[in-house]
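# A structural walkthrough
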Amino acid sequence: MSALSVANVTVVLGESTIVEDVSMEVESGEIVALIGPNGAGKTTLLKAILGLIPFKSGHVTFFDKRLGQLGPDRARLGYVPQRLELDRTIPVTVEELVTVNTPRRFYSHAGLRRALAEVDAESLATRMVGQLSGGELQRVLLAMNLLRDPLLLFLDEPATGIDIEGERRFYDILEHLRAKRGIAVLMVSHDISVVYRFASRVVCINRRLMCQGKPGEILNDDTLERLYGHAAAVYEHHD
Amino acid sequence: MMGLEYPFMQRALAAALLMGILCPLLGVFVVIRRMSFFGDAISHSAFTGIALGLLLGIDPSLSAIAFAIVIALGMGWLQARSRIPSDTIIGVFFSGAAALGILLIGLLQGYRTDLFAYLFGDVLTIGWADLILAAVLLIGVGGAVVALRRPLLQMALSRDLAAVQGVPVAAMEYLLMTLLAITVAVSIKLVGIILVTALLIIPAAAARNVSRSMRQMFSLAIAFGAISALLGLFGSYSLNTASGPTIVLASIALFAASLVRPRIA
C-alpha cells in the first residue's frame, strides 16, 4: 500500500490545462522530489493532491483512502508551503501559530519544545512570527508538522528564500526525520543538486509526466535538456 | 452621577459597553484579515435595508440585518467565484447599495427625520426593545466567535494550512461575513452608518500596535473598546456632544497613544 497514490490527475484552471494525466506514487520512508521548469504545474499538482485546488479527473489516495475518508488521520498529513502567506504585522507568536494549527490530541507544551529542538529552533517559541527569518519560519513550520506525527509530508520548495547554510540544515533535518521516523515526503524542488543529494526518487513533470526514477538514473543531461531546454546540464557536486 | 440616575443613560451605558466589548472581539479578525472596507460596504447595504424596511413597513432593524447579510454573502460568493479583485467587488457593492438606498428613500412619503438617527446614530435614544435585540444578537455573535475562535484564527493566519487540516474554509468565510453583517447592522443604532465600522476596526488596530501575541491583541482590543465606550459616553454627557462621534474620537485617541507606545514586553 503506497503512502500516496496519484492516478491520471488532470487539473484545469479557467480555460487552461495546468496538469494533464499525471500518475505517481510515494512509499513510506521515501523522499520523492517533484521537479520541472517554471509553470510546469508542480505547485498546482501538490495543491490538487492536498485538496486545495479541485482536479478535473483522476484519483488521489493516501494509504488507499481518499482525502475525505481519512478521518482523524487527515491531521497526519503535513504541509510546508513555499511561503506562508502570513501578514507579518500580525502579533502572533510561534507558540500560538503552532498551537492553533495543531489538533489538540497532538499538542503539548513539552511536545512543542521537543519538536522545535528537533529542527534546531527551541529558542524561537516565544518570538513573534513576523520577526523570524525565512529559514527560521520554514523550520518552525516543519516543527509544527512534526508535532502531529505525520505519515506524509508535502513540501513546496521549502528552502525558497533561505541562505545556503539554512538550506543545508533544513535538508539534513529532513533526511534525519525520514530515516528516524519513516515519514513519506513529496517535495517540490527547483534545486537539482538538492534533489540529487536527498531524494530517493524523482518525478519530472512539464504539465504531463516526463520521467520518473532514481536521481542517479534519470538526472542526466539528456532528461534535463528535454525538461528544461538546451541550456540545462548536470554539474558535478563537490562537498 | 454622570447622568446614570436616568434610565436612558443606563440603557445607553449598557448598549455602549455591549458594543464596545463585542465589536472589537470580531474586529480582531476584521483587522488581521484586512476586511475593513468590507465592513463599510456592509454598513451601506444596511442603510438600504433600513430604507427598504421603512418602505415596506417592516422593522428597519430587522430589514437592515437581513439585507446586510444578503449583501455580505453576495460579496463573498462573487469573491470566491470570480477573478475580480476584492477591492473592486467591495467598491461596486458599496456604491450600488448606497445608490439603491438613496433611491428607495426618495420613494418614501414626506420628510423622515428618523433616517438621520440611522445615518448618525444616537445611543441615548435607544429603547428597551432595541437594547434587548442588540444584546441577544451581539452576545450570540460573541458566543459564536469564542466557540469558533480556533478555526477562525487558523483561517485568518493561513487559509491553505487551515484547508489542509480539514477546516471548511468556504463555510467559515461565509460565517464570518454573516457575523460581521449582524454586528454592523446592530451597531448602527449606536454610532450611525457613517461611523459604524469604527468600533470594529480602531480598538483592534490600536491593540495590534502594542501587542506581542494574539492573546494580548484580543484582550487589549476588548479593553480599548470598553474604555472608548465609557470615555465617549460620559465625555459626551459632560461636554454635551453627540455620543457616537465622541465614542469614536475616544477610540482614535487610544489609537494615537498606541502609535507612540512600544510593544508590551
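## A short note on the pairing of strand 8 (residues 201–206) of chain A
All names here are of chain A. Among the six residues that make up strand 8, five are buried, leaving the element largely enclosed by the rest of the structure. The sheet contact formed by strand 3 (residues 31–35) and strand 8 spans four bridges and is parallel. Residue Leu 34 lies in a different strand from strand 8, and its bridge partner there is Val 203. Examined bridge by bridge, strand 8 and strand 9 (residues 208–213) share five bridges and lie antiparallel to one another. Its bridge partner lying in strand 9, Cys 204 is registered against Cys 211. In textbook terms, the turn of a hairpin is the stretch between consecutive antiparallel strands, and for strand 8 and strand 9 this stretch comprises one residue, one of which, Arg 207, has a positive phi near 70°.

## Points about the interface of chain B and chain A
Opposite the 23 residues of chain B that make contact, chain A presents 31 residues. It is Arg 150, Leu 157 and Val 164 of chain B that lose the most area in chain B upon contact with chain A, and together they represent 31% of the buried surface on that side. Where chain B meets chain A, there are three salt bridges. Summed over the shared surface of chain B and chain A, the result is 12 residue pairs in polar contact (both at pLDDT 80 or more). Among the secondary structure elements, those contributing two or more residues to the side of chain B that touches chain A are helix 7 (149–157), helix 8 (159–164) and helix 11 (214–239) of chain B. Tallying contributions element by element places helix 8 of chain B first for the side of chain B that touches chain A, with five residues. Taken together, the residues of the side of chain B that touches chain A break down into eight nonpolar, six polar and nine charged.

## Some thoughts on the sheet that holds strand 2 (residues 16–26) of chain A
All names here are of chain A. Taken together, the three strands give an open sheet; going across it, the order is 2-1-4, and neighbouring strands pair in antiparallel fashion. Either end of the sheet is taken by a strand with one partner, and the two such strands are strand 2 and strand 4 (57–62). The mean inter-strand angle of the sheet, taken between neighbouring strand axes irrespective of direction, is 20°. Across seven bridges, strand 1 (residues 4–13) lies against strand 2 in antiparallel orientation. When the bridges of strand 2 are listed, Ser 5 appears paired with Glu 25. Sheet strands in contact with helix 1 (residues 42–49) are strand 1, strand 2 and strand 4, and its direction is about 115° off that of strand 1.

## Re empty space enclosed by the protein
Inspection of every chain in the model, using the stated rule, returns two cavities of 30 Å³ or more. Approximately 120 Å³ is the volume attributed to the largest cavity. Forming the boundary of the largest cavity are 15 residues, of which Ser 61, Leu 133, Ala 185, Val 186 and Lys 189 of chain B lie nearest the centre. For the lining of the largest cavity, the secondary-structure elements that each account for two or more residues are helix 3 (60–81), helix 6 (128–147) and helix 9 (169–195) of chain B. Of the residues belonging to the lining of the largest cavity, the class tally is 12 nonpolar, one polar and two charged. Elements with a contribution of two residues or more to the lining of the second largest cavity: strand 5 (77–80) and helix 4 (134–146) of chain A together with helix 8 of chain B. In the lining of the second largest cavity, the residues fall into five nonpolar, two polar and one charged.

## Section: the state of the cysteines
Here a disulfide denotes one covalent bond, and it connects the sulfur atoms of two cysteines. Residues and elements named next belong to chain A. Under the definition given, this model contains one disulfide over all chains. Residue pairing for Cys 204: its cysteine sulfur links by disulfide to Cys 211, the two sulfurs lying 1.9 Å apart. Taking the torsion about the sulfur-sulfur bond, which here is approximately -85°, the covalent link between Cys 204 and Cys 211 counts as left-handed. Comparing Cys 204 with Cys 211 shows no difference in burial state: the two are buried.

## Quick look at the pattern of salt bridges
Residue and element names in this part refer to chain A. This model, assessed by the stated rule, comprises 14 salt bridges over all chains. The shortest N-O distance in the salt bridge between Glu 20 and Arg 208 comes to 3.2 Å. Taken together, the residues Glu 20 in strand 2 and Arg 208 in strand 9 connect sequence positions 188 residues apart. Overall, Arg 208 belongs to the partly exposed group, its relative accessible area being 43%. Among the charged side chains, a salt-bridge network with shared partners connects Glu 20, Arg 207 and Arg 208.

## Let's talk about the packing of helix 3 of chain B against helix 9 of chain B
Relative placement of two packed helices is described by the angle separating their axes and the distance separating the axes. All names here are of chain B. At a minimum axis distance of 8 Å, the contact between helix 3 and helix 9 shows a crossing angle of 145°. In this structure, the crossing between helix 3 and helix 9 has a hand that is right-handed. Along its contact with helix 3, which presents Ser 61, Ala 64, Ile 65, Ala 68, Ile 69, Ala 72, Leu 73, Gly 76, Trp 77, Gln 79 and Ala 80, the element helix 9 presents Tyr 174, Met 177, Thr 178, Ala 181, Ile 182, Ala 185, Val 186 and Lys 189. Grouping the amino acids of the contact of helix 3 with helix 9 by side-chain chemistry returns 14 nonpolar, four polar and one charged.

## Looking at a nonpolar patch on the surface
All names here are of chain B. Taken together, Leu 55, Leu 56, Ile 58, Leu 62, Leu 100, Leu 103 and Leu 107 make up a surface patch of nonpolar side chains, about 640 Å² in accessible area. Of all the secondary-structure elements, those providing two or more residues to the nonpolar patch are helix 2 (36–56) and helix 4 (86–107). At three residues, the largest contribution of residues to the nonpolar patch is made by helix 4. Judged by its relative accessible area of 57%, Leu 56 is exposed.

Criteria and cut-off values
In every chain, residue numbers begin from 1 and rise along the written sequence. As a convention, the first chain written is A and the first ligand written is 1, with the rest following in written order. Local features are withheld for residues below a pLDDT of 70 in this predicted model, meaning they are given only at 70 or higher, and side-chain atom pairs are given and counted only at 80 or more; totals for whole chains, interfaces and linings count all residues. Water and hydrogen atoms were dropped before computing side-chain values, which therefore reflect all heavy atoms in the structure. Throughout, exposure labels follow a simple rule: accessible area from a 1.4 Å probe, protein chains only, divided by the maximum for the residue type, with under 20% read as buried, over 50% as exposed, and the rest as partly exposed. Secondary structure elements follow DSSP: runs of H or I of four or more residues count as helices, runs of E of two or more count as strands, with numbering from the N terminus. Pairing between strands is defined by DSSP: at least two bridges between the two strands are required. What makes two residues a contact is simply this: any of their non-hydrogen atoms within 4.5 Å. Defined in terms of a 1.4 Å probe, buried area is the accessible area two parts forfeit on being brought together, summed over both. Any Lys or Arg side-chain nitrogen found within 4 Å of a carboxyl oxygen on Asp or Glu counts as a salt bridge. Residues adjacent in sequence count toward polar contacts only when both atoms are side-chain atoms; beyond that, a polar contact is any pair of N or O atoms within 3.5 Å, and within protein one must be able to donate a hydrogen and the other to accept it. Each residue is assigned to one of three groups, with Ala, Val, Leu, Ile, Met, Phe, Trp, Tyr, Cys and Pro labelled nonpolar, Asp, Glu, Lys and Arg labelled charged, and all others, Gly among them, labelled polar. Axes, fitted as lines to C-alpha atoms, cover a helix only where it is in contact. Angles between the N-to-C directions of the axes lie from 0 to 180 degrees. In this analysis, the protein atoms alone were mapped onto a 1 Å grid. Cavities are point sets where a 1.4 Å probe fits without being able to get out; pockets are open sets with protein on both sides within 12 Å along at least five of seven lines; lining residues have an atom within 4 Å of a point. Grid points are joined across faces, edges and corners, and a volume is the space filled by probe spheres set on the points. The disulfide criterion is simple: two cysteine sulfur atoms within 2.5 Å. Here is the rule for handedness: rotate from the far helix to the near one, and if that takes an anticlockwise turn smaller than a right angle the crossing is left-handed, while a clockwise turn gives right-handed. Patch definition: residues above 30% relative accessible area lacking any salt bridge, with like charges linked at up to 9 Å and the nonpolar side chains Val, Leu, Ile, Met, Phe, Trp and Tyr linked at up to 5 Å. Here the open area of atoms and residues is found with the Shrake-Rupley method and a 1.4 Å probe, where only the protein chains shown may cover a residue.

So yeah, pure geometry; function would need other evidence.
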